[in-house]
Amino acid sequence: MQIGTAGFTSAIAIEKMLLNKQSPNDWGPIVISGATGGVGSFSINILNKLGFESNRYYKKKEIYSYLKDIGASEIIKFNSKSNNKLLNSKIFAGAIDNVGGRILDWIIKSTSDNGNIVSVGMAQSENLIQLLYHL
C-alpha cells in the first residue's frame, strides 16, 4: 500500500486506457486535470515512464515547476471562455479527468476520435450532465 488509493486509482485508469488500445504513438498528448492531486501526480509519473507525452491542466501558476519536475511535457491553462463552443480542435489523444464539470466538458470536446477519457472522482457540477442531456 505504498502508493495508496491515489496510486491504485491512477494505475487502474491507465490500465483501462491501455486495454482500450491507447498508445504513446497516438497523435497528441494525454491531458490530466487535477494534476497536483494524488491521482493526477501518479498519472503524470506513470504515463511519463510509459513513454506518453502528457499535458497538465492547472489553475495556479506556482505549481508549474512541480508539474515539470514530475514529468509534465507541457502545462496548459483551462480557459472557460473558450469552452462555450459545441466543438473544439482535437488536441488530445486521451485524458484522465479528476475534476469533472466544465473541465471534463472541454476535455471531451478536445479529444480526438477514438481517444480514451477516464473520469475518476466526483463531478464538479451538473453542467456536464446538462450538456449530455441536450445532445
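We now turn to the structure provided with this report. (Residues numbered from 1 in each chain as written. Predicted model: local features only at pLDDT ≥ 70, side-chain atom pairs only at ≥ 80, totals over all residues. Heavy atoms only, no water.)

## Observations concerning the overall build of the chain
Looking only at helices and strands, one finds five helices and five strands in the chain. Along the chain, helices and strands appear, N-terminal first, in the series α-β-α-β-α-β-β-α-β-α. Buried residues in the chain amount to 43% of all 135 residues. Within the chain, counting contacts between residues at least 6 apart in sequence, those at least 24 apart form 53% of the total. Put simply, the chain shows about 7900 Å² of open surface, and 56% of that area lies on carbon and sulfur atoms. (Helix = DSSP H or I, 4+ residues; strand = E, 2+ residues; numbered from the N terminus. Buried < 20%, exposed > 50% of the residue type's maximum accessible area, 1.4 Å probe, protein only. Contact = heavy atoms within 4.5 Å. Areas by Shrake-Rupley, 256 points an atom, 1.4 Å probe, with all protein chains shown as cover.)

## Digging into the side chain of S112
Structurally, the position occupied by S112 is in strand β5 (residues 111–119). Residue S112 is classed as buried on the basis of its relative accessible area of 19%.

## Overview of the pairing of strand β4 (residues 92–97)
Burial analysis of β4 places six of its six residues in the buried class, which makes it a mostly covered element. Across three bridges, the pairing between strand β1 (residues 30–32) and β4 is parallel. Bridging across to β4, V31 finds its partner in A95. By the bridge criterion, five bridges tie β4 to β5 in an arrangement that is parallel. Residue D97 lies in a different strand from β5, and its bridge partner there is S119. One crossover worth recording links β4 to the parallel β5 by way of helix α4 (residues 101–110), and it is right-handed. (Pairing = 2+ DSSP bridges. Right-handed = clockwise from strand over helix to strand, strands pointing away.)

## Some thoughts on the environment of V39
Its location among the elements puts V39 in helix α2 (residues 38–49). Separated by 35 residues in the primary sequence, V39 and G4 place their C-alpha atoms 9.9 Å from one another. Apart from the residues within four sequence positions on either side, V39 is in contact with A6, T9, S10, N98 and V120.

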